2 protein chains.
Amino acid sequence: MGGPTQAHSYADKARLPVKTSSNPPAVILVEPQLGENIGTTARAMMNCGLSDLRLVDPKEDWLSEKAVGASSGAAEILQKARRFATTEAAIEDLETVYATTARRREMTKAVMTARAAAGDMRARSLAGQRIGLLFGRERIGLTNHELGLANVLVEIPMNPEHSSLNLAQAVLVVGYEWFQAGYDGPDAIMAFNKTTPVTKELLQELFDHLEQELDLCGFLRHDEKRPSMIVNIRNMLQRAELTVQEVRTLHGIIKELRYGRRDDRPKRQPGYKVDKD
Amino acid sequence: MGGPTQAHSYADKARLPVKTSSNPPAVILVEPQLGENIGTTARAMMNCGLSDLRLVDPKEDWLSEKAVGASSGAAEILQKARRFATTEAAIEDLETVYATTARRREMTKAVMTARAAAGDMRARSLAGQRIGLLFGRERIGLTNHELGLANVLVEIPMNPEHSSLNLAQAVLVVGYEWFQAGYDGPDAIMAFNKTTPVTKELLQELFDHLEQELDLCGFLRHDEKRPSMIVNIRNMLQRAELTVQEVRTLHGIIKELRYGRRDDRPKRQPGYKVDKD
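What comes next is a walk through the structure. (Residues numbered from 1 in each chain as written. Chains lettered and ligands numbered in written order. Predicted model: local features only at pLDDT ≥ 70, side-chain atom pairs only at ≥ 80, totals over all residues. Heavy atoms only, no water.)

Moving on to the pairing of strand β6 (residues 131–135) of chain B. Residues and elements named next belong to chain B. Counting buried positions along β6 yields five of five residues, so the element is predominantly enclosed. What you see with β6 is no split at all: Ile-131, Leu-133 and Phe-135 on one side and Gly-132 and Leu-134 on the other are buried throughout. Pairing analysis gives four bridges linking strand β1 (residues 26–30) to β6, with the strands arranged parallel. Bridged to Val-27 within β6 is Leu-133. The pairing of strand β4 (residues 96–100) with β6 spans four bridges and is parallel. Paired with Val-97 across the two strands is Gly-132, which belongs to β6. (Buried < 20%, exposed > 50% of the residue type's maximum accessible area, 1.4 Å probe, protein only. Helix = DSSP H or I, 4+ residues; strand = E, 2+ residues; numbered from the N terminus. Pairing = 2+ DSSP bridges.)

Pairing is mixed across the open sheet formed by eight strands, whose spatial order is β8(A)-β5(B)-β7(B)-β4(B)-β6(B)-β1(B)-β2(B)-β3(B). Both outer strands of the open sheet, β8 (188–191) of chain A together with β3 (82–84) of chain B, are each paired with one neighbouring strand and no more. Averaged over neighbouring strand pairs, the angle between their axes works out to 30° when direction is ignored. Two strands pair when backbone bridges link them, and strand β2 (residues 53–56) of chain B and β3(B) are joined in this way by three bridges, in the parallel orientation. Paired with Leu55(B) across the two strands is Arg83(B), which belongs to β3(B). Helix α5 (residues 114–126) of chain B rests against β8 of chain A together with β4, β5 (109–113), β6 and β7 (152–155) of chain B of the sheet, and its axis sits at about 105° to β5(B). (Axes fitted to C-alpha atoms, helices over the stretch in contact; angles between N-to-C directions. Contact = heavy atoms within 4.5 Å.)

All names here are of chain B. If you walk through the whole model with that rule in mind, you get 30 salt bridges over all chains. Close ionic contact of Arg-137 with Glu-31 constitutes a salt bridge, the shortest N to O distance being 2.9 Å. Taken together, the residues span a long stretch of sequence, with Arg-137 in the loop between β6 and α6 (144–147) and Glu-31 in the loop between β1 and α1 (35–47) at a distance of 106 residues. Residue class for Arg-137 comes out buried when judged on its relative accessible area of 10%. By relative accessible area, Glu-31 is classed as partly exposed at 22%. We note a salt bridge from Asp-93 to Arg-54, for which the minimum N-O separation is 2.7 Å. Of this pair, Asp-93 sits in the loop between α4 (87–90) and β4 while Arg-54 sits in strand β2; the two residues are 39 residues apart in sequence, bridging distant segments of the chain. (Salt bridge = Lys/Arg side-chain N within 4 Å of Asp/Glu carboxyl O.)

This part takes up the sheet that holds strand β1 (residues 26–30) of chain A. Overall, mixed pairing links the eight strands, which are arranged β3(A)-β2(A)-β1(A)-β6(A)-β4(A)-β7(A)-β5(A)-β8(B) in an open sheet. Here the strands that pair on one side only, and so sit at the sheet edges, are β3 (82–84) of chain A together with β8 (188–191) of chain B. Across the sheet, the axes of successive neighbouring strands diverge by a mean angle of 30°, strand direction being ignored. In the packing of helix α7 (residues 167–182) of chain A onto the sheet, the strands contacted are β1, β4 (96–100), β6 (131–135) and β7 (152–155) of chain A, and the crossing angle to β6(A) comes to about 155°.

Attention shifts here to the nonpolar core. The biggest cluster of nonpolar side chains holds 80 residues, and the ones touching the most others in it are Leu53(A) and Leu53(B). Not counting chain neighbours up to four residues away, the residues in contact with Leu53(B) comprise Val27(B), Leu29(B), Ile38(B), Thr41(B), Met45(B), Ile77(B), Leu78(B), Ala81(B) and Arg82(B). (Core = buried A, V, L, I, M, F, W, Y, C linked by side-chain atoms within 4.5 Å.)

What relates the two chain copies is a rotation about an axis together with a slide along it. You can overlay chain B on chain A at an RMSD of 0.0 Å; the transform is a turn of 180° with a shift of 0.0 Å along its axis. In the structure described here, the two chain copies are related by an operation that fits a two-fold rotation axis. Here 100% of the interface residues in chain B have copies in chain A that are interface residues too; the copies meet face to matching face. (Least-squares fit on C-alpha atoms with pLDDT ≥ 70 in both.)

Under the defined criterion, the tally for this structure stands at one aromatic pair over all chains. Ring centres of Tyr176(A) and Tyr176(B) lie 6.3 Å apart, and the angle between their planes is 90°; this geometry places the pair in the edge-to-face category. On the criterion of chain membership, the pair formed by Tyr176(A) in helix α7 and Tyr176(B) in helix α7 (residues 167–182) is interchain, its members lying in two chains. Here the two residues Tyr176(A) and Tyr176(B) agree in accessibility, since each one is buried. Taking the ring centre of Trp178(A) as reference, the NZ or CZ of Arg122(A) above it sits at 3.6 Å. (Phe/Tyr/Trp six-rings, centres within 6.5 Å; stacked < 30°, edge-to-face > 60°. Lys NZ or Arg CZ within 6 Å of the ring centre and 35° of its normal.)

Residues and elements named next belong to chain A. Side chains of strand β2 (residues 53–56) alternate between two faces, with Leu-53 and Leu-55 and Arg-54 and Val-56 buried alike. Where β1 and β2 come together, four bridges link them in parallel fashion. Pairing of Val-27 across the sheet is with Leu-53, part of β2. Handedness of the crossover joining β1 and β2 through helix α1 (residues 35–47): right-handed. (Right-handed = clockwise from strand over helix to strand, strands pointing away.)

Okay, here's the thing in structure tokens:
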């Protein structure tokens, strides 16, 4: 039967395999207009493992009830946020700055997708650089003067007919990409959790049992079709990625079905529906 | 000089290179509680090129003023949204369904990151399959019964200490990944826009001009250091990815600087600051 082969699953949050970074990027909001947007930005930062929030001349209080409420548990980031009078002052300790822009600029400058920028950020962060993400005002974004302070323009590929993201969504997408670039787990996995995937030996026993009964009941009576029918049935069962318990269940189903309908067993009542949990 | 080599930039939204899909995924919200969340979901869908919104027993009107306002221009998606009494009815025309879950489930089932799921979705969509994305209630998500209706569980890797996304953010991240999986443009580019990158011939002329003046003014007077100093200066200028116009500007700067300070030219006033646009 084999021992329990509890497959690793990234669903197990406690063990989420993420490369740690001692210097994740700072998030710099230039003249944010609404406290609520600062709050939702803090929440998005928290989701993505970011904590250094810098505010350049914010137009509303980032510790207002509205802002803290919008942060949904990321009040700590708001409390530690720092206010700066100018963008220059907010970035002076940083070495590489990425500016997120929504519209095209006539500038001779490196442009990266959020994903490519995230790879670049991880590489620089691992090399010990201090980096920052610059986001502009809700309506008008960043000025050309401010873009001149950044190394790279970051663009988020989106539906060209409706590409505008709100401030916190833009922070979420860039932060999400930062987080993914450090994610080191499996991309796709069959999560067996506490169940045990079946060995080919046990699966072969199921094939044998099923095909024997299908021979006896006449389902495989056409000799010329029999081989391909068997391969198809086997492929169907292979795709199901069965567990040891499920193979036992299928043996039971085959055994019971071959008796046909019988009256000496209790039945479910008519009108039976699948229970919902 | 060469002709204009206008580099392609994905900043040019009108030409955004995206693989078209005749059957993008439907978004199915199971018992959404708040009209506002349905609105922000519609906005996120519009951002990601999705349009087929299906609502299973929604608890508020999705065409309320609040919902339409929150959709920020995606009212069309709300107007075309369809209501279903059950999840089974909402997905009956689909072939593959991806269910987004926030917390770990004890289920034997395929689990994918949002990114891996997006690749899978694109492959199935291109093969003509009709696919759907299932999202649960704001607070309690999807029931096990509902997960049993889906092919794949989708998990979004996020900060394990603060991984909860609101409904529209979850739709945005999964939709964003869908869009990226169809994005066919460059990941990183030096955007020259209307400027022309310099040829190595013109760059060599700049090197020659600068090094000649540096020899004459004595900056390169140490013979043993001269070769490495020259390589360093050249690397610095290579990194700048200069344009033809910028090389002309640098020739002018070198020429003017070598005269030293002079009184026969108008000067900027003291206290001069960089203009902000």
